[in-house]
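The residues making up each chain are set out below.
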Amino acid sequence: MLMDPEIKARLISSGTVELPELLRPSGPVSAAGPGAGEMNVFFRSGGTRVRLGVADTSTLKLAELDGDEVAILEDGVEVARGYLERPLIHCPRQAYITVSERCIYDCKFCAVPKLAGTVKSKERVLGMVAEAVDTGELEAISLTSGVERSPEEEVFRVAEIAKDLRRFEVPIGVSVTPAKRSSEILKAAGADEIKYNVECLDPDLFRKVCPEVSLEKIKTALEKAVDVFGDNRVFSNVIIGLGESETALQEGIVELAEMGVLPVLRAVYPHPLRVGEVEMVRPSPERLTDLVRRLKRVLDDHGLRGDVAETGCYRCTGCDLIPHRDL
Ligand code: SF4
């Protein structure tokens, strides 16, 4: 059976899979994305993919079939069959690199401040991308970054790196905390797409989960970003499962689309480093599917498309149901 939107929603809702020892991924663990610091696999089936965290126990189990084929089983029953995809850097076919693996903010669902990792130099990032080019698989570069000292400094750091990455002649996406004139600076540096994450569209909840950040400032930056980057080139992560009000969520999605922004509806990942700090409940498959169907209608109403993204999560599709790509 191939993965369809309903099956993908089931897999995303679970979020994890058990793997036979032989299929366990080796090599460095990614510092980007919801499962930062954890092992992941990418399962491809039915023309789409899903990223699942590797867990010692999960309701989902991966089984080897003939050749390269694998199946995902739930209670011993096959849910979908397909192939495992090799990530290039963090995800398949992209060099998705976290520049500063640390953050001065303390958003309650995010592992980055707790992991307090390294800050990569420009030379290191260029070296990583050059290695990715050598595989012949590189189709896009996505840069993301926490905030080591200030958003302004981080924008400058990422812009300097983006300028040098132009030489690889693939699309570049950037996801950072917005700062003064950040869209103009990053566009001039060569970024093609931009993501400023609102994370939570419920203003009351936002103040609790991101106490040091302003939701209004991020929305203002997003509006400006559309002026600079154009339609279908500006994205914003919205976490689902923090206990947000459904009304605030729906209204917020429409508000983003009215600005020309594509929301990335992302199931919360209850990172072990954050468990107990905030409500984090993975949404049900039905809620995920319903939300993304509504999102697709909202995008259609505003003339936006989810299938033209050249970088980042709308291109990868590993963590989310993506309107116009998955359904
Ligand atoms: S959808 Fe985004 S966060 Fe998830 S694996 Fe792909 S690039 Fe990473």
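All values reported here derive from a predicted model rather than from experimental measurement.

**Structural notes on the site of the ligand**
- Around the ligand sit 12 residues, and of these H90, Y96, C313, C316 and C319 come closest.
- Along the lines of polarity and charge, the residues of the shell around the ligand split into seven nonpolar, three polar and two charged.

**Observations regarding the sheet that holds strand β1 (residues 16-17)**
- One open sheet accounts for six strands, arranged β1-β3-β2-β6-β5-β4; its pairing is mixed. Each of the sheet's edge strands pairs with one partner strand only, and the pair in question is β1 and β4 (60-64).
- Taken strand by strand, helix α1 (residues 5-14) contacts β1, β2 (40-45), β3 (48-54), β4, β5 (70-74) and β6 (77-85), and its axis lies near 20 degrees from that of β3.

**Some remarks on the sheet that holds strand β12 (residues 234-240)**
- An order of β7-β8-β9-β10-β11-β12-β13 is seen for the seven strands of this open sheet, with the pairing classed as mixed. Sheet topology places β7 (90-91) and β13 (262-267) at the edges, where each strand pairs with a single neighbour.
- Here strand β11 (residues 193-195) pairs with β12 via two bridges, running parallel. Note on β12: the bridge partner recorded for I194 is V234.
- On the sheet, helix α7 (residues 215-229) packs against β11 and β12 and is oriented at approximately 145 degrees with respect to β12.
- Strand contacts of helix α9 (residues 285-301): β12 and β13, with the helix running at about 180 degrees to β13, the strand carrying the most contacts.

**Overview of the UniProt feature "domain: Radical SAM core" (unreviewed entry) in the chain**
- When the UniProt feature table is mapped onto this chain, "domain: Radical SAM core" (unreviewed entry) is found at residues 89-320.
- When the span residues 89-320 is considered, its composition is 42% helix and 14% strand, and the gap between its end C-alpha atoms is 18 Å.

**A few points about the nonpolar core**
- Counting 98 residues, the largest nonpolar core has L11, L143, L165, L186, L222, L242 and Y314 as its most contacted members.
- The biggest single contributor to this core is α7, with seven residues.
- The contact partners of L222, leaving out residues within four places of it in the chain, are Y196, V198, V234, F235, S236, L256, M259 and V261.

**Some details on the packing of aromatic side chains**
- Inspection of every chain in the model, using the stated rule, returns one aromatic pair.
- Each ring, one from F235 and one from Y314, has its centre 5.3 Å from the other, and the planes form 40 degrees; the classification is tilted. Of the two residues, F235 sits in strand β12 while Y314 sits in helix α10 (residues 312-316), which places them 79 residues apart along the sequence.
- Assessed through its relative accessible area of 6%, F235 is described here as buried.

Cut-off values and rules
- Residues numbered from 1 in each chain as written.
- Predicted model: local features only at pLDDT ≥ 70, side-chain atom pairs only at ≥ 80, totals over all residues.
- Heavy atoms only, no water.
- Near = heavy atom within 4 Å.
- Nonpolar A, V, L, I, M, F, W, Y, C, P; charged D, E, K, R; others polar.
- Pairing = 2+ DSSP bridges.
- Helix = DSSP H or I, 4+ residues; strand = E, 2+ residues; numbered from the N terminus.
- Contact = heavy atoms within 4.5 Å.
- Axes fitted to C-alpha atoms, helices over the stretch in contact; angles between N-to-C directions.
- UniProt positions renumbered as here; feature names shortened; annotations may be inferred.
- Core = buried A, V, L, I, M, F, W, Y, C linked by side-chain atoms within 4.5 Å.
- Buried < 20%, exposed > 50% of the residue type's maximum accessible area, 1.4 Å probe, protein only.
- Phe/Tyr/Trp six-rings, centres within 6.5 Å; stacked < 30°, edge-to-face > 60°.

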